[in-house]
Structures are given as structure tokens and as C-alpha cells.
Amino acid sequence: MKRVQTIAELRRALEPARLEGMSVGLVPTMGALHAGHVALLQAARAENDVVVATVFVNPAQFSETSDLAAYPRDLEADARAAEAAGTDVLFAPDAAELYPPGFATWIEPKGAAEGLEGTQRPGHFRGVATVCVKLFSLVHPARAYFGRKDAQQVAVVRQVVRDLNLELEIRTVETVRDPDGLALSSRNVRLSPAERTVALAIPRALATGDPAAGRAVLRDAGIEPEYLEVADLDGPTLVVAAQVGATRLIDNTPLRRIV
Ligand code: AMP
């Protein structure tokens, strides 16, 4: 696996693949890799000649500087996990590489980016859309891989790809959970053991398949969600966001259509 930090190094690393017309699969991440990220890398490995993983804690998608500062980072562990999952190129730029002085062009998604995370985290999807388009433009992937855990993000990225006529396929991977049901998230490491127990109410609430019943489950656990509702994200989906202690968690489950 090649580790690269600059755009120039990334271009050099991808040059042979480009010349030989090899297919590239891209897995964008913010690092602190866990089994959910590994599932994306394995899907990319199975479908492409070359797998590129990116580790970039994108400042543009954080509205709270404290959240950005506290985001877990461990590039050496990430490099080991990425390599073990079959990654060919790991691109881990610093913020100034992607947002140099004078950077002033943004992708401003509406539509799928409105409501839910778009309401709770103003500017979040502007940062996500902008960095994704930059990564697509740098890597030229045939396919890019995203987790269903961030179901609204998938809808936003698909919308951007469609609206801007980008030539790549967006592939999705089901949410990977711990055996107790908690969706894997880089943020889970910030939960205390007691908070983690409380957080298990989130998958329990989703399992009810009903916003009112789900809200009751959360209330019993002392959680007041930011939202818990049914949204149309590639079909009816029960989506939830909630703060547990200092940690913000999101999760969702597709609802079975009643026929
Ligand atoms: P992040 O590093 O949190 O920005 O996530 C990078 C990618 O991994 C995104 O496409 C996420 O949706 C995906 N991802 C995060 N957690 C999970 C999970 N538990 N299962 C599957 N995919 C995930």
C-alpha cells in the first residue's frame, strides 16, 4: 500500500492505473477506521482493480470546532487497517492541501440536503458535497463507496453526482453493528461505559419501526432525540439523531413496505 499526503503524490501514485485504464474504487473516510469502513474497503476491493482510501477529517463539514477538535485520529492504526483490507493507495492530506489559502468555491446542495442533518448541522452537507466532488475529481473513481449508516449523506451524494453529471457509480454498504446492536461509529470511542449502555436505546428505538414507540424507548433511557422520524431515503427509513453525553450519534433502519 502506498501512503500519500499531497495531491501531487496522489496523482503520481494513480498515474499507472490511469494509463492502463484500470478501474478505481474510492472509499472516502474521516479515519478512526472500524469494521464499517473495512466493509466499504472490502466491497471496493471486490469490484475494482485499484482501491483508494482517503482519511481526511474534513473541517468544512463540522460546524462545532469542539467536535472537530475532539474527533478521534489515529493514522498509523488506520494505515494498518486499510492495508489489511486490501487498499492500494491511502490518501491522508492535511486541511491546507484540500483548502489552500484563497479556496472559495463550494458545492451547495439543496433537495436531499434539506431537513434532518441539514437542519441540525447547517453547512454540513455543503462541506460533504464539496469534499466529495474534490475527491472524485482527484481520484477519477469508477465507483465510490458510502455506508447506509449515513443514509441522508448517500442521498445527497447521489443527487450531486446526478445534478453535476459526474461519471461514477455510487455504491452503498449496509450498516455494520456491534453484536449488541449499536451501529459502529468512530465517535463511539468517546462514549463512557455507562453512556454506551444508554446509547443501546437507539437501535432498540429503531427496532420498534415506529416514531412514537421509538420516542418512548428513548425517553425511558433518558434520551431526547434531535429527530426521530420516517424519511424517504431510498425507501421509507426510520432515522434518528441523538446526543448521548457529549457524543452525537445518528442511525437509521429501512422500514419494510406494507403491501
Ligand atoms: P466517516 O469516517 O464516519 O465519515 O465514514 C466514512 C464512510 O463509512 C461513510 O460512507 C459512512 O457512511 C461509512 N460508515 C460509517 N460507519 C459505518 C457503519 N457502521 N457501517 C457501514 N458504513 C459505515
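Look above for the structure.
Summarised in this report is the structure supplied together with it.

The rules behind each value
- Residues numbered from 1 in each chain as written.
- Predicted model: local features only at pLDDT ≥ 70, side-chain atom pairs only at ≥ 80, totals over all residues.
- Heavy atoms only, no water.
- Near = heavy atom within 4 Å.
- Polar contact = N/O pair within 3.5 Å; in protein donor to acceptor, adjacent residues only side chain to side chain.
- Areas by Shrake-Rupley, 256 points an atom, 1.4 Å probe, with all protein chains shown as cover.
- Helix = DSSP H or I, 4+ residues; strand = E, 2+ residues; numbered from the N terminus.
- Salt bridge = Lys/Arg side-chain N within 4 Å of Asp/Glu carboxyl O.
- Buried < 20%, exposed > 50% of the residue type's maximum accessible area, 1.4 Å probe, protein only.
- Pairing = 2+ DSSP bridges.
- Right-handed = clockwise from strand over helix to strand, strands pointing away.
- Axes fitted to C-alpha atoms, helices over the stretch in contact; angles between N-to-C directions.
- Parallel < 35°, antiparallel > 145°, perpendicular 65-115°, else oblique.
- Left-handed = near helix turned anticlockwise from the far one by under 90°.
- Contact = heavy atoms within 4.5 Å.
- Nonpolar A, V, L, I, M, F, W, Y, C, P; charged D, E, K, R; others polar.

Another point: the site of the ligand. If you check the shell around the ligand, you find 17 residues, and the closest are His37, Gly147, Asp150, Val176 and Leu184. One nitrogen or oxygen atom from the side chain of His37 is found 2.9 Å from an oxygen atom belonging to the ligand. The contact in question runs from a nitrogen atom of the ligand to an N or O atom on the backbone of Val176, over 2.8 Å. Protein contacts shield 93% of the accessible area of the ligand, which totals 480 Å² for the unbound molecule. Among the secondary structure elements, those contributing two or more residues to the shell around the ligand are strand 2 (24–29), helix 2 (35–47) and strand 5 (143–147). With three residues, helix 2 is the largest single contributor of residues to the shell around the ligand.

Its side-chain oxygen placed 3.2 Å from the backbone nitrogen of Ala212, Asp210 serves as the N-cap of helix 11 (residues 211–220). Gly222 occupies a position one or two residues after helix 11 and carries a positive phi of about 80°.

Tallied over the full model, the rule gives 17 salt bridges. The salt bridge partner of Arg196 is Asp178, with a shortest N-O separation of 3.3 Å. In this pair, Arg196 sits in helix 9 (residues 193–199) while Asp178 sits in the loop between strand 6 (169–173) and helix 9, placing the two residues 18 residues apart along the sequence. In this structure, Asp180 engages Arg196 in a salt bridge whose closest nitrogen and oxygen atoms are separated by 2.7 Å. Taken as a pair, Asp180 in the loop between strand 6 and helix 9 and Arg196 in helix 9 lie far apart in primary sequence, 16 residues in all. Residue Asp180 is classed as partly exposed on the basis of its relative accessible area, which comes to 39%. The exposure class of Arg196 is partly exposed, given its relative accessible area of 24%. Taken together, the shared-partner salt bridges in this structure form one network comprising Glu47, Arg143, Glu169 and Arg171.

Let us look at the pairing of strand 5. Two faces, one strand: in a regular strand the side chains alternate between the faces of the sheet. Where burial is concerned, most of strand 5 is hidden: four out of the five residues are buried. Both strand 2 and strand 5 contribute to a ladder of two bridges, which runs parallel. Note on strand 5: the bridge partner recorded for Gly25 is Arg143. Relative to strand 6, strand 5 runs parallel, the two being bridged by five bridges. Residue pairing in the sheet places Ala144 in a bridge with Ile170 of strand 6. Handedness of the crossover joining strand 5 and strand 6 through helix 8 (residues 151–163) is recorded here as right-handed.

Judged by how many residues are buried, strand 8 (residues 236–244) sits mostly within the fold: seven of nine residues are covered. Note: strand 8 against strand 9 (residues 247–254), eight bridges, orientation antiparallel. If you follow Ala241 over to strand 9, its bridge partner there is Ile250. With antiparallel pairing between neighbouring strands as the criterion, strand 8 and strand 9 make up a hairpin whose turn holds two residues, including Gly245 at a positive phi of roughly 60°.

Another aspect to go through is the packing of helix 7 (residues 124–139) against helix 8. Contact geometry of helix 7 with helix 8 gives a least axis separation of 10 Å together with a crossing angle of 55°. Taken together, the axis directions place helix 7 and helix 8 in an arrangement best described as oblique. Considering how the two elements wind past one another, helix 7 and helix 8 form a crossing that is right-handed. Across the interface between the two elements, Phe125, Val128, Ala129, Cys132, Val133 and Phe136 of helix 7 pack against Gln152, Gln153, Val156, Val157, Val160 and Val161 of helix 8. Looking at the contact of helix 7 with helix 8, its residues break down into ten nonpolar, two polar and no charged.

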